[in-house]
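Observations on the three-dimensional arrangement
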Amino acid sequence: MTAHNYGLPDFSSVSPHTIAHTVRHLLDEHRVLLDAVGESAEPATIENTLVPLETGDAELSRHIRVMWTYASSVGGSEWDRVESELVPLLTAHEDSIYMDPRLYGRLEQLSSQEHDPQTAWALSEHLKNFRSRGVHLDTEFRERLQQINARMADLKTQIGQLIVKTNGEAALPLGEDDVVGLTDSQKAGLAADAAANPDAAKGAPYLLTMVLPTQQPLAASFAKAKVRERVLEASIRRADGHGGGVDTRALILELVKLRAEQANILGFETFAEYEASRGTAGSSRAVFELLDSMVGPTATNAEKEASELAEHYRDHLAQPGEEFSPADWTYTQEHLRQSAFSLDGSELSRYLELWNVVERGVFYAATRLYGLQFIARDDLSGYTEDVKVWEVREEDGSRIGLFLGDYYARAGKRGGAWMHELLIRSEQGDDYTIICNNLNVTKPAEGSPTLLTWDEVRTCFHEFGHALHGFLSATRWPSAAGTNVPRDFVEFPSQVNEMWASHPEVLDSYARHFETGEMMPDRLRGALTASEGFAEGFATSEILQAVLLDQAWHRVSADEIPSGVEAVASFESAALTRIGIASPWIPPRYRTTYFDHIFSSDYSAGYYSYLWSEALDADVVAWFRTEGARGDDGGLNRTAGETMRCAVLSRGNSRNPVESFEELRGRPVDTAALLRRRRLV
Ligand SMILES: [Zn+2]
């Protein structure tokens, strides 16, 4: 019997040149197919309209997914070039589909007929997509929308590039005296950055490069108050034009103005209203109600933490004459965390070896809940040699597909962690599912074990939660499969899956000392549990400020948007003060000038999605621990797993996702669980 390969692409034959060539060719073929559908004189049927629209791009999608895989996980100048060459073509192609009144007309014809519920929902979702681009409007409005789209795409690219540039501009050269408090490996990282970037280092031995959020992770380690102050100052002033440097303000003002105009043309009062209508929240009032209930308690918690930290700082950390300042917050917080819980990260890591975490933790939980089986397939190769491949089967042995784990950081690979799919099965589409998880764990020296931080362990479970959403998908139409759900729903299953990382039986299975195989001692487990919820006031305040700042920029009409760039900072502080979330101690997670998610990526008026999904997540975690539990198993059983699978994970976007949630919970979401988790009640 030859081993089954589930349609895994033959990566050895992929090259940037061949992919670019094939994608161009398949785009042309797809265009011809859609023209034929649009021009058909036959009355519209599922077979002659919906089927080609859903499945006619199968081959094209497969190649595009391979292209994305290389562009994000491998990178390098050749793949960058292919990406920037293909992206405008793909955007224009998508526009040409969703702005085509002929296709829209045929789908409208179909939607007036009787269909099974999944088909009816797929049709209504397609029509919604067409309308959200203005296909139903008069030519003059459609033309204006196209102009706006093109200009907005351009502005987003420019802002994104300026934010990359400002991170470079704000990089801090540091001397031997400045890096007191850092570990040897942290210093080695900064030294390597200085060596790689001698112009920015200006002869200094170390260089601190900025990451996106306001708080720079290393600020929690610098022992000198002056250095922490320099780091925070450099971070919050990014791209605000000071000293003649990078300035994103004019571009941002133009972009928010265009968004307000676009929303008006499409029939919405504000852009926030338009975005909320495309998610499960439905309206910006619903979004605001959730956020508003969090503001008061968050501000109170943050104040309380501020006075605790100020006291701890004064008693244990301050040099004579030093006062606690916002720049000392994360440093003091880490110090307090270690002394309150004696949670030593490096000791903990000895029990968190990567492959144990994956095979005996992440997979183990999926077997206990969903009956899935995982078989290592060392005979199959991924797109680089770091990729490990497993076969995924149902409890009864039937085939689902392949899981590719790409856990290590490499030069050229995008930062962060994510899931993506190469194939996703559905009744009308692919036969098998192939899903990849990417993390950026530092690869140890040859022969040494990969020991993770607790955060990285949670990330492994999180990304596999997205993978489960794909593997367990059972929809009729490809467009509804797996994680193709609205943005404010997609993080819900992945966040739920994080709960199993600290489940006692799952910990028993995977948290073993990398040398002796001994179980994690109770002392460490206790410290892990006790430290849950620590510093929640800070974390919630920073994210809630960012969410509300995003809403503020997108809840105004075009003529309420300030016109001078100096007004950007005052708009920001006035908005946060008016809502009651401004803090003298905690800056927002992103300030306007470097808020990449909303001005360059796809989270415009949608940054709320993280908290919205978390409300669903916290409510379902509570369900697993109560109704889903058998005895004291905390919900780790096949019955609870099947219920979750049947109501949510298998459904994708084959019906309104709100319905899926409500089937599981038996009622609409109750945000009390989120408020409890974030210590807001
Ligand atoms: Zn996620």
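Here the structure is shown first, and the text comes after it.
To keep things clear, this report deals only with the structure shown in the data block.

On to the packing of helix α16 (residues 354-370) against helix α25 (residues 638-649), then. Taken N-terminus to C-terminus, the directions of α16 and α25 make an angle of 90 degrees; their axes are 6 Å apart at the nearest point. On the basis of their axis angle, the class for α16 and α25 is roughly perpendicular. Packed against α16, whose contacting residues are Thr367, Arg368, Leu369 and Tyr370, the element α25 presents Arg638, Gly641, Glu642, Met644, Arg645 and Leu649 at the interface. Here the residues of the contact of α16 with α25 sort into four nonpolar, two polar and four charged.

Let us look at the sheet that holds strand β3 (residues 373-376). Read from one edge of the open sheet, five strands run β3-β4-β5-β7-β6, paired in mixed fashion. Only two strands of the sheet have a single neighbouring strand rather than two, namely β3 and β6 (418-423). On average, each strand axis in the sheet is inclined to that of its neighbour by 25 degrees, with strand direction left out of account. The pairing of strand β4 (residues 388-393) with strand β5 (residues 399-408) spans six bridges and is antiparallel. By the bridge assignment for β5, Arg393 is matched with Arg399. Seen against the sheet, α16 touches β3, β4 and β5 and runs at an angle of roughly 150 degrees to β5. In the packing of helix α17 (residues 454-471) onto the sheet, the strands contacted are β3, β4, β5, β6 and β7 (433-441), and the crossing angle to β7 comes to about 165 degrees.

Another aspect to go through is the packing of α16 against α17. Geometrically, a packed helix pair is captured by the angle between its two axes and the distance between the axes. As a packed pair, α16 and α17 sit with axes 10 Å apart at the nearest point and diverge in direction by 40 degrees. When the axis of α16 is compared with that of α17, the two are oblique. Crossing hand, α16 versus α17: right-handed. Counting all contacts with α16, which are made through Val357, Gly361, Val362, Phe363, Ala365, Ala366 and Tyr370, the residues of α17 involved are Val457, Cys460, Phe461, Phe464 and Leu468.

This paragraph deals with the environment of Phe461. With respect to the helices, strands and loops of the structure, Phe461 is situated in helix α17. Exposure remark for Phe461: the relative accessible area of 0% places this residue in the buried category. With residues up to four places along the chain from it excluded, the contact list for Phe461 reads Val357, Gly361, Val362, Ala365, Ser494, Asn497, Glu498, Trp500, Ala501, Val506 and Tyr510.

Let us now look at the coordination of the zinc ion. At this site the zinc ion is bound by His462 (NE2), His466 (NE2) and Glu491 (OE), with donor distances of 2.1 Å. Considered as a linear motif, the donors of the zinc ion on their single chain read H-x3-H-x24-E. Taken as a pair, His466 in helix α17 and Glu491 in helix α18 (residues 487-497) lie far apart in primary sequence, 25 residues in all. The pair His466 / Glu491 is uniform in exposure class, with both members buried.

So, on to the pairing of β7. The element β7 is extensively covered by neighbouring structure, given that eight of its nine residues are classed as buried. As paired elements, β5 and β7 share seven bridges and run parallel to each other. The partner of Leu402 across the bridge, within β7, is Ile434. In this sheet, β7 lies alongside β6 in antiparallel orientation, the contact comprising five bridges. Looking at β7, one finds that Glu421 is bridged to Ile435.

What follows is about the side chain of Glu125. Along the chain, Glu125 turns up in helix α6 (residues 117-131). A residue is classified by how much of its surface remains accessible, and Glu125, at 16% relative accessible area, is buried. At 3.0 Å, the side chain of Glu125 forms a polar contact with the side chain of Asn653.

Below, the discussion takes up helix α14 (residues 329-341). For α14, built from 13 residues, the straight-helix expectation of 18 Å at 1.5 Å per residue is met to within 8% by its first-to-last C-alpha distance of 18 Å. Along α14, the positions that sit buried rather than exposed are Trp329, Thr330, Tyr331, Thr332, Gln333, Leu336 and Phe341. Check the buried side of α14 and you find it contacts α10 (225-236), α13 (284-317), α20 (522-530) and α21 (536-554). One or two positions beyond α14, positive phi appears at Ser342, with a value near 35 degrees.

Rules and cut-offs
Residues numbered from 1 in each chain as written. Predicted model: local features only at pLDDT ≥ 70, side-chain atom pairs only at ≥ 80, totals over all residues. Heavy atoms only, no water. Axes fitted to C-alpha atoms, helices over the stretch in contact; angles between N-to-C directions. Helix = DSSP H or I, 4+ residues; strand = E, 2+ residues; numbered from the N terminus. Parallel < 35°, antiparallel > 145°, perpendicular 65-115°, else oblique. Contact = heavy atoms within 4.5 Å. Nonpolar A, V, L, I, M, F, W, Y, C, P; charged D, E, K, R; others polar. Pairing = 2+ DSSP bridges. Left-handed = near helix turned anticlockwise from the far one by under 90°. Buried < 20%, exposed > 50% of the residue type's maximum accessible area, 1.4 Å probe, protein only. Donors = N, O, S within 2.8 Å, 3.2 Å for Na, K, Ca; no water. Polar contact = N/O pair within 3.5 Å; in protein donor to acceptor, adjacent residues only side chain to side chain. Expected span 1.5 Å × (residues − 1).

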